[in-house]
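Inside the fold
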Amino acid sequence: MYFGKVIGNIWATKKYEALFSLKMMIVQPMSAELENLGEPIIAVDTVGAGPGEIVIYITASEAVIPLPVDFAPVDASIVGIIDTINLAH
Amino acid sequence: MYFGKVIGNIWATKKYEALFSLKMMIVQPMSAELENLGEPIIAVDTVGAGPGEIVIYITASEAVIPLPVDFAPVDASIVGIIDTINLAH
Amino acid sequence: MYFGKVIGNIWATKKYEALFSLKMMIVQPMSAELENLGEPIIAVDTVGAGPGEIVIYITASEAVIPLPVDFAPVDASIVGIIDTINLAH
Amino acid sequence: MYFGKVIGNIWATKKYEALFSLKMMIVQPMSAELENLGEPIIAVDTVGAGPGEIVIYITASEAVIPLPVDFAPVDASIVGIIDTINLAH
Amino acid sequence: MYFGKVIGNIWATKKYEALFSLKMMIVQPMSAELENLGEPIIAVDTVGAGPGEIVIYITASEAVIPLPVDFAPVDASIVGIIDTINLAH
């Protein structure tokens, strides 16, 4: 799983049917120190994350697991909102 | 999921059977600000996207989910046409 | 899916059983303009592609779908030979 | 599988239900010579690894296999604590 | 699939149960011309590969297919020992 920040959302009227009920957020990948890493991706929100919140997101096959619909074509999902990051190094 | 722009298509007469009915588009990956990112890939169109349109595409295992055929060897699909990108940062 | 060129093949006498009947080709990844991109990989041929041909190849889980054997440990397959690339940009 | 070092953990009160019982650790990817490689990720601990320990972690679909819950949305797991690295080169 | 060279192995007393019977080798990814590419990874040996041997390895979901145990959390496996690399370019 990765660190990210919700920085926006997208609207798409014309889309694959199983995506209709899902909220598509723009997520900026971040480091553990919360610096931006690379380019934003699109992830489906499953926990009610809003703009500016630091989240945990997952990618690949597992991203479909938390969705309320079966077999949605989704490869990235927000699965948690981070409260605390404890770094021991 | 990722931002992309449809920039062309490909023809392949000789191909694996399950691919015959599918439209193979060339998609340029893009940033959330719609700048080109890296090299174009080949993705199957599932929403009727045409040249120049800004789309959402997915990769990996989930890419087979929206296809009308079972078990097609496909690892990238266009699943939506983007109307609006709202960036809050 | 990705653009590639078949640039050779490999022989491996000692290999996992399900791979015995498969042709393992060396594929150079390419851009849509057919310039070399990064390093060659090994992909299983499913369409009779020969040296010098421009092909479509897929990676990850879907690569096992076109194979004539079940459960082969394969993560890259050639699934089409490209006739024409139409670029609109 | 990859080499990594446990460098911290995260707390997330609001998260997808199947994640509630899992320990989410921050893992710094490392080389075989134990130098840092790129940015830390979040991985679920399945073997009782603590801060500073050198571990084996896996990514992608297989990461859900060692978990005590079914269908958890997890794409990285710690699956072993390394005792010895034998390099022959 | 990728080219690699076996350059060592690792020992891990404390590990996820399904990994106990598996040999974990350190594999240096290589180019088709057998130059080192990036950093070594950990892969499970399924063909009896020893130090210094040039091998084919696979990654992602397919890596579990050749294993003698079900549902092992493994994302990289050695599936062949290369005898000859024929490059036509």
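Residues numbered from 1 in each chain as written. Chains lettered and ligands numbered in written order. Predicted model: local features only at pLDDT ≥ 70, side-chain atom pairs only at ≥ 80, totals over all residues. Heavy atoms only, no water.

**Examining the overall build of chain A**
- Scanning chain A for helices and strands turns up zero helices and seven strands.
- N-terminal to C-terminal, the α/β element order of chain A is β-β-β-β-β-β-β.
- Counting only C-alpha atoms and orienting by the principal axes, one finds that chain A spans roughly 45 × 20 × 20 Å.
- Of all 89 residues assigned to chain A, the portion counted as buried reaches 57%.
- Sequence separation of 24 or more characterises 54% of the internal contacts of chain A that already satisfy a separation of 6 or more.
- Of the roughly 3,500 Å² that chain A leaves accessible, carbon and sulfur atoms contribute 54%.
- In chain A, 4 positive and 10 negative side-chain charges are present, and the distance between their average locations comes to 12 Å. (Helix = DSSP H or I, 4+ residues; strand = E, 2+ residues; numbered from the N terminus. Buried < 20%, exposed > 50% of the residue type's maximum accessible area, 1.4 Å probe, protein only. Contact = heavy atoms within 4.5 Å. Areas by Shrake-Rupley, 256 points an atom, 1.4 Å probe, with all protein chains shown as cover. Lys, Arg positive; Asp, Glu negative; His and termini not counted. Charge placed at Lys NZ, Arg CZ, Asp CG, Glu CD.)

**Remarks on the interface of chain E and chain D**
- Between chain E and chain D, the contact holds 28 residues from the first and 27 residues from the second.
- Taken over both partners, the interface formed by chain E and chain D buries close to 2,300 Å², and the fraction arising from carbon and sulfur atoms is 62%.
- For chain E, the biggest contributors to the area lost against chain D are K14, I42 and D75 of chain E; these three give 24% of the whole.
- At the junction of chain E with chain D, the criterion picks out zero salt bridges.
- Counting the contacts that link chain E with chain D gives ten residue pairs in polar contact (both at pLDDT 80 or more). (Buried area = accessible area lost by both parts, 1.4 Å probe. Salt bridge = Lys/Arg side-chain N within 4 Å of Asp/Glu carboxyl O. Polar contact = N/O pair within 3.5 Å; in protein donor to acceptor, adjacent residues only side chain to side chain.)

**Here's the deal with the interface of chain D and chain A**
- Contacts between chain D and chain A engage 28 residues on the former and 27 residues on the latter.
- In this assembly, chain D packs against chain A so that about 2,300 Å² is buried in total across both faces, 63% of it on carbon and sulfur atoms.
- Taken as a group, K14, I42 and D75 of chain D account for 24% of the area that chain D buries against chain A, more than any other trio of residues on that side.
- For the pair chain D and chain A, the interface holds zero salt bridges.
- Scanning the region where chain D abuts chain A turns up ten residue pairs in polar contact (both at pLDDT 80 or more).
- Those elements that place two or more of their residues in the side of chain D that touches chain A are β1 (2-11), β2 (14-15), β3 (24-30) and β4 (41-45) of chain D.
- Looking at the side of chain D that touches chain A, the element that brings in the most residues is β1 of chain D, giving five residues.
- Of the residues belonging to the side of chain D that touches chain A, the class tally is 20 nonpolar, four polar and four charged.
- One ladder, built from two bridges, connects strand β6 (residues 76-81) of chain A with β2 of chain D; its direction is antiparallel. Counterpart to G80 of chain A in the pairing with β2 of chain D is K15 of chain D. (Nonpolar A, V, L, I, M, F, W, Y, C, P; charged D, E, K, R; others polar. Pairing = 2+ DSSP bridges.)

**Quick notes on the relation of the copies chain D and chain A**
- Under the fitted operation, chain D is carried onto chain A by 0.0 Å of movement along the axis and a turn of 72°, and the coordinates agree to an RMSD of 0.0 Å. Here the symmetry operator amounts to a five-fold rotation axis.
- A share of only 4% of interface residues in chain D that are also interface residues in chain A marks the association as one of differing surfaces. (Least-squares fit on C-alpha atoms with pLDDT ≥ 70 in both.)

**Side note on unusual backbone geometry**
- A positive phi angle, close to 65°, is found at L34 of chain C, a residue other than glycine.
- Inspection of the secondary structure puts L34 of chain C in the loop between β3 (24-30) and β4 (41-45).

**Focus on the relation of the copies chain E and chain D**
- After a rotation of 72° and a shift along the axis of 0.0 Å, chain E superposes on chain D with an RMSD of 0.0 Å.
- The fraction of interface residues of chain E whose copies in chain D are also interface residues is only 4%, indicating that the copies meet through different surfaces.

**Regarding the pattern of salt bridges**
All names here are of chain C.
- Tallied over the full model, the rule gives five salt bridges over all chains.
- Measuring nitrogen to oxygen at the nearest pair gives 3.3 Å for the salt bridge that ties D45 to K23. Taken together, the residues span a long stretch of sequence, with D45 in strand β4 and K23 in the loop between β2 (14-15) and β3 at a distance of 22 residues.
- On the basis of relative accessible area, K23 is assigned to the partly exposed category, the value being 46%.

**Things to note about the packing of aromatic side chains**
Residue and element names in this part refer to chain B.
- Scanning the model with the defined rule gives five aromatic pairs over all chains in all.
- For the ring pair Y2 and Y57, a centre distance of 5.6 Å and an interplane angle of 35° mean the geometry is tilted. One end of the pair, Y2, is in strand β1 (residues 2-11); the other, Y57, is in strand β5 (residues 54-59), and 55 residues separate them in sequence. (Phe/Tyr/Trp six-rings, centres within 6.5 Å; stacked < 30°, edge-to-face > 60°.)

**What to know about the side chain of D45 of chain A**
- With relative accessibility at 10%, the residue D45 of chain A sits in the buried group.
- Separated by 2.9 Å, the side chain of D45 of chain A and the backbone nitrogen of A49 of chain A make a polar contact.

**Side note on the arrangement of the chains**
- Across the gap from chain C to chain D, with no contact made, the nearest C-alpha atoms are 10 Å apart.
- Chain B shows no contact with chain E. Their nearest C-alpha atoms sit 10 Å apart.

**As for the environment of W11 of chain C**
- Positionally, W11 of chain C belongs in strand β1 (residues 2-11).
- The exposure class assigned to W11 of chain C is exposed, which follows from its relative accessible area of 55%.
- Considering only alpha carbons, one finds W11 of chain C and M25 of chain C, 14 residues apart in sequence, at a separation of 9.4 Å.
- In this structure W11 of chain C touches I81, I82, D83, T84 and N86 of chain E, once residues within four positions along its chain are discounted.

**Describing the confidence of the model for chain A**
- For chain A, the mean per-residue pLDDT works out to 89, and 93% of the residues sit at or above 70.
- Model confidence for the complex: the whole-complex pTM is 0.89, and ipTM, which rates the interface, is 0.87. (pLDDT = per-residue confidence, 0-100.)

**Observations concerning the environment of M25 of chain D**
All names here are of chain D.
- By the element assignment, M25 lies in strand β3.
- On a C-alpha basis, the gap between M25 and A43 in space is 5.4 Å, while along the polypeptide they are 18 residues apart.
- Not counting the four nearest positions on each side in its chain, M25 is found in contact with V6, G8, N9, I41, I42, A43, D45, A49 and I78.

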